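Structural description and commentary
Spelled out from the first residue to the last, the chains are:
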Amino acid sequence: MRLPLRNRFRGLDSREAVLFEGPNGWTEFSPFDDYSIDQATRWLKASLEYGWGETPEPTIPNVPVNATIPGNLNPEKIDAVLAKFTGVQAVKIKVGGDSSHSADLEVIRYVRSQLGENVRIRVDLNAFLDLDTATDIVPEYVEAGVDDYVEQPVASVPALAELRRRLAGVVRIAADESVRRSADAYQVLLAEAADVLVLKWQPLGGFEECQRIARAAAKSGVSVTVSSALETAVGLAAGARLAASIDSETPTPGGLGTSALFVSDISEAVLPNAGVVSTARVIPEEAALEEFSAPDIRTKWRRRISACYRKLEV
Ligand SMILES: [Mg+2]
């Protein structure tokens with residue numbers, strides 16, 4: 001199926017996903033187009049585990065989420081996004097993309113002025129900066145109002161580690177792209193390259209793998225937050241269940257409120273409400289399955305699933 005997005009996100013106007021029903025309920029397979037079969041195979045492993053395998057029953061009904069503000073929006077559009085995320089404890093702003101540095105600072109200042117004092121701001125740079133530039137401009141984000149963490153300002157693990165040393169006491173550093181595979185997560189921990197690890201249910205290959213990483217992170221005093229890969233409501237609910245299974249006492253607000261970024265999702269069950277989303281499994285609405293079905297991409301996705309499944313078998 002294909003879901004249209006409200007604003008361009010990660011270079012996309014719409015999001016493609018495959019939904020299927022297993023004995024446990026509905027599950028999702030939705031690696032981005034630019035992911036290799038090897039990478040996408042981990043996504044399939046997660047999909048099958050959620051639909052057919054053993055996953056922990058959630059012990060809490062919902063988990064907190066952050067608001068997500070795509071880069072380069074004017075105040076009017078920012079207001080519209082924030083209105084969908086009332087009650088959140090954290091806001092994540094995408095910066096460093098096709099917007100200028102001064103425009104990014106303006107957006108951060110504007111968002112800060114619209115939020116209560118106890119709402120934290122994090123920014124996501126998607127590995128956009130080099131080490132020296134990051135050393136210079138990350139403190140400017142902090143001055144503008146960032147008080148939670150700066151996500152993946154630089155690409156490599158050694159650069160992340162060095163930046164974290166340089167900015168100790170200024171702001172926390174989170175690793176996202178550097179945690180694409182579970183082996184990478186341990187590299188990040190070993191190099192002491194981050195204060196926070198961003199875990200994603202599908203890219204990391206499912207619950208078991210993510211929970212293992214979370215345990216290792218806890219031993220190193222590193223926190224984790226669960227984020228979406230811009231999944232539909234079905235995949236977001238899996239992420240919420242994962243977040244609950246990692247920390248049911250004080251879960252960090254995660255990036256699981258992204259259902260609000262779609263014009264409309266296959267179910268409204270995972271729309272953020274008062275700053276939280278539900279951990280219950282989602283059943284897609286019949287009408288939405290019909291509305292967003294995309295016969296033109298079926299062959300492509302069937303081929304992709306077959307190729308990944310063959311990899312899983314070997
Ligand atoms: Mg990120």
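Within every chain, residues take consecutive numbers counted from 1 along the sequence as written. Predicted model: local features are reported for residues with pLDDT of at least 70 only, side-chain atom pairs are reported and counted for 80 or more only, and whole-chain, interface and lining totals are derived from all residues. By convention in this description, side-chain values take in all heavy atoms of the structure and omit both hydrogens and water.

One can find Arg302 in helix H10 (residues 298-313). Sequence separation between Arg302 and Val18 is 284 residues, and the spatial gap between their C-alpha atoms is 9.2 Å. By the criteria applied, helices consist of DSSP H or I runs no shorter than four residues and strands consist of E runs no shorter than two, each listed in order from the N terminus.

Further remarks concern the layout of surface pockets. Rolled over the atoms, a probe as big as a water molecule pinpoints where empty space is left. The calculated volume of the largest pocket comes to roughly 760 Å³. Using a grid of 1 Å spacing that covers the protein atoms alone, one calls a set of points a cavity when a 1.4 Å probe fits there but cannot get out, and a pocket when the set is open and has protein on both sides within 12 Å along at least five of seven lines; lining residues are those with an atom within 4 Å of a point. Lining the largest pocket are 38 residues, and of these Phe9, Arg10, Gly11, Lys94 and Asn126 lie nearest its centre. Mapped by element, the contributors of at least two residues to the lining of the largest pocket are strand S1 (2-9) and strand S7 (90-94). When residues of the lining of the largest pocket are assigned to their parent elements, the largest contribution, three residues, is made by S1. The nonpolar class holds Ala, Val, Leu, Ile, Met, Phe, Trp, Tyr, Cys and Pro. Asp, Glu, Lys and Arg form the charged class, and all remaining residues, Gly among them, are polar. Split by residue class, the lining of the largest pocket holds 12 nonpolar, 14 polar and 12 charged. Marked domain ranges trace back to an automatic or database domain assignment. The two domains that each donate at least three residues to the lining of the largest pocket are domain 1 (2-55 + 289-313) and domain 2 (62-284). Computed from the structure, the second largest pocket encloses a volume of approximately 270 Å³. Around the second largest pocket, the lining comprises 13 residues; the ones closest to its centre are Met1, Ala17, Val18, Leu19 and Arg298. When residues of the lining of the second largest pocket are traced back to their parent elements, those giving at least two are strand S3 (18-22) and H10. Grid points are joined across faces, edges and corners, and a volume is the space filled by probe spheres set on the points.

Another point: the packing of aromatic side chains. The aromatic pairing rule takes the rings of Phe, Tyr and Trp, using the six-membered ring of Trp, and pairs them if the centres are within 6.5 Å, calling planes under 30 degrees apart stacked, those over 60 edge-to-face and the rest tilted. For the coordinates displayed, the defined rule picks out seven aromatic pairs. Here Tyr35 and Trp43 contribute two aromatic rings whose centre-to-centre distance is 5.4 Å and whose plane-to-plane angle is 85°, an arrangement assigned as edge-to-face. Each member of the pair, Tyr35 together with Trp43, is buried. Counting as a charge over the ring demands two things of the Lys NZ or Arg CZ atom: a distance within 6 Å of the ring centre and an angle within 35 degrees of the ring normal. Above the plane of the ring of Phe32 lies Arg15, whose end atom (NZ or CZ) is 4.0 Å from the centre. The residue whose ring lies beneath Arg304 is Trp301, and the NZ or CZ to ring-centre distance is 4.9 Å. Exposed residues in this analysis have more than 50% of their type's maximum accessible area, buried residues have under 20%, and partly exposed residues fall in between, with area computed by a 1.4 Å probe over protein chains only.

Assigned domains within the protein chain: domain 1 (2-55 + 289-313) and domain 2 (62-284). The C-alpha-based centres of domain 1 and domain 2 are spaced at 22 Å. Any pair of residues with heavy atoms lying within 4.5 Å of one another is described as a contacting pair. Listed per partner, the contact involves 29 residues of domain 1 and 37 residues of domain 2. Accessible area, probed at 1.4 Å, shrinks when two parts are joined; the buried area is that loss added up over both. When residues of domain 1 are sorted by the area they lose upon contact with domain 2, Arg6, Phe9 and Tyr50 head the list and together hold 24% of the total. What makes a salt bridge here is a side-chain nitrogen of Lys or Arg within 4 Å of a carboxyl oxygen of Asp or Glu, nothing more. At the boundary of domain 1 and domain 2, one finds zero salt bridges. The term polar contact refers here to a pair of N or O atoms within 3.5 Å; inside protein, the definition further demands a hydrogen-donor-capable atom paired with an acceptor-capable atom, and it admits residues adjacent in sequence only when both atoms are side-chain atoms. Here domain 1 is connected to domain 2 by 16 residue pairs in polar contact (both at pLDDT 80 or more). Counting only elements with at least two residues in the side of domain 1 that touches domain 2, the list comes to S1, strand S4 (25-29) and helix H1 (37-52). Tallied by class, the residues present in the side of domain 1 that touches domain 2 amount to 15 nonpolar, seven polar and seven charged.

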